[in-house]
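Summary of the model geometry
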Amino acid sequence: MNVRELYASIKGVQHLVETERDTQSDLSEPLRRRLWLWRRGFLTQSGVLYGLEESNYREYVTDYQRFVRTKRINGTWSVALSNKLAFHWLLQPFDDHRMTVYGMLRDGSFHGIDSLQPPQAIGDGGTRTRTRTRTQNQAPNRTHRDGPDWVVDRLEDEKRLVLKWVQGGGGNNVLLCSRVDGGYRVNGEHLSEAAFRSRLADLEEYLVCEFVEQGWFPAELYPETPNTIRIVTMYDRAAGEPFVAAAIQRMGTADSEPMDNFSQGGLTAEIDVETGALGPGAQLPYDGDLEWHAAHPDTGTRIEGAQIPGWSTAVSRILELAETYSYIPYIGWDVVVTGPDGEFKILEGNSYPGLKSIQVHGPLLTDDRVRRFYERHGVC
């Protein structure tokens, strides 16, 4: 294990311990049960979600394996996913599926994406020159200016923007900003213009992105939040092709607003990879048993059996991307359905995606192809 891997492992263990500390107070599991889970690499919450027993725990990817070992799968390329701006640039060949990133807030200034765009080598009659390019999704922001001014001005036109920290995931560093009567709203909190500008001035290395309008299907599930799909792809080196290991539809609730995160009270439904049909929605227990919903608890919209429009087209496109980036063998794609025929936008990629919202629907290691992938990469 090299120094970088050792550091990642230490950070992974630290994150594992912090997660256990933050979640165990909500669960009334006896100490003997907790010790049994810890010795086998699971957090207390996982024991509740998965119904772990001596007979089945080996079929699940453990929390230790997820936090520590899956971090190593992509090697140095993990930074291309953990850094959201790098990931945005990586997806340039698939511009139709990229959300617009206008620029970055840093040192109190707005830095336009054009000025950050890395130069590309272009061949011209055998002579290679260096130039900067701008895609159709990028606004012509060649100069930087006061950050709060830029965001406030842009909100006058677009009404909604998404600000997200260039590093990190889980929805904890995402700000949904909107222009409303009498001021602004940030993740549901109403702010005056002065308070909003002050909030913006404190942000460091936050990307300013378009608010992607979701299509009718996810909006019908719960219209108050973006409702994203997580698709996990793995690259099968022996077969020379990627495959979809798992997919889930996430749905916001009144508890999770303004996000759809499972860890914040949202729902997750398994997607049948072959058909695009949803299973029932699962919701984290706060003081009891895991909850299952055939219909959304707030909207009444049917979940179980609902069919994602254009699913086969979307999956084919995701696999095309996974094939293009075969040197990054493990990717958790967060996408939002935008149309009826498989149209989607990619919000971000994850180098070691969370597995609770997936394995709550069943263990991953019962799939031989998935197990072989994890074994090949030293996870289990």
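Residues numbered from 1 in each chain as written. Predicted model: local features only at pLDDT ≥ 70, side-chain atom pairs only at ≥ 80, totals over all residues. Heavy atoms only, no water.

For the chain, the helix and strand inventory stands at 13 helices and 17 strands. The contacts in the chain between residues at least 6 apart in sequence include a share of 61% that link residues at least 24 apart. For the chain, the accessible surface area stands at approximately 17,300 Å², while carbon and sulfur atoms represent 48% of it. (Helix = DSSP H or I, 4+ residues; strand = E, 2+ residues; numbered from the N terminus. Contact = heavy atoms within 4.5 Å. Areas by Shrake-Rupley, 256 points an atom, 1.4 Å probe, with all protein chains shown as cover.)

In this section: the nonpolar core. Nonpolar side chains in soluble globular proteins tend to be buried together. Ranked by internal contacts, the top residues of the largest apolar core, which has 34 residues, are Ile229, Leu278, Ile308, Trp311, Trp333 and Ile346. By residue number, the principal contributor to this core is helix α11 (residues 311–324), which donates 6 residues. Leaving out residues up to four positions away in the same chain, Trp311 has contacts with Ile229, Ile231, Ala247, Ile271, Asp272, Val273, Thr275 and Gly276. Core analysis: the second largest hydrophobic core is formed by 19 residues, Leu105, Phe110, Leu161 and Leu203 among them. (Core = buried A, V, L, I, M, F, W, Y, C linked by side-chain atoms within 4.5 Å. Buried < 20%, exposed > 50% of the residue type's maximum accessible area, 1.4 Å probe, protein only.)

Pairing is antiparallel in the open sheet, where 7 strands are placed in the order β15-β14-β13-β12-β11-β16-β17. Each having just a single partner strand, β15 (291–293) and β17 (344–350) make up the two edges of the open sheet. Averaged over all pairs of adjacent strands, the angle between strand axes in this sheet comes to 30°, irrespective of strand direction. Sheet topology note: the strand β12 (residues 241–251)/strand β13 (residues 267–271) ladder contains 4 bridges and is antiparallel. In the sheet register, Gln249 faces β13, and the bridge partner there is Ala269. Sheet contacts for α11: β11 (229–236), β12, β13, β16 (330–337) and β17; angle to β12, the most-contacted strand, approximately 130°. (Pairing = 2+ DSSP bridges. Axes fitted to C-alpha atoms, helices over the stretch in contact; angles between N-to-C directions.)

Our focus in this paragraph is the packing of aromatic side chains. Applying the stated criterion to the full structure yields 13 aromatic pairs. Seen from their ring centres, Tyr50 and Tyr60 are 4.6 Å apart, and the 10° between their planes marks the pair as stacked. A residue pair is termed long-range when its members are at least 10 positions apart, and Tyr50 in helix α3 (residues 44–50) and Tyr60 in the loop between α3 and α4 (63–69) qualify at 10 residues. Comparing Tyr50 with Tyr60 shows no difference in burial state: the two are buried. Among the aromatic residues, those joined into a cluster by ring pairs are Trp77, Phe94, Tyr325 and Tyr327. (Phe/Tyr/Trp six-rings, centres within 6.5 Å; stacked < 30°, edge-to-face > 60°.)

Keep in mind that these numbers describe shape and distance, not what the molecule does.
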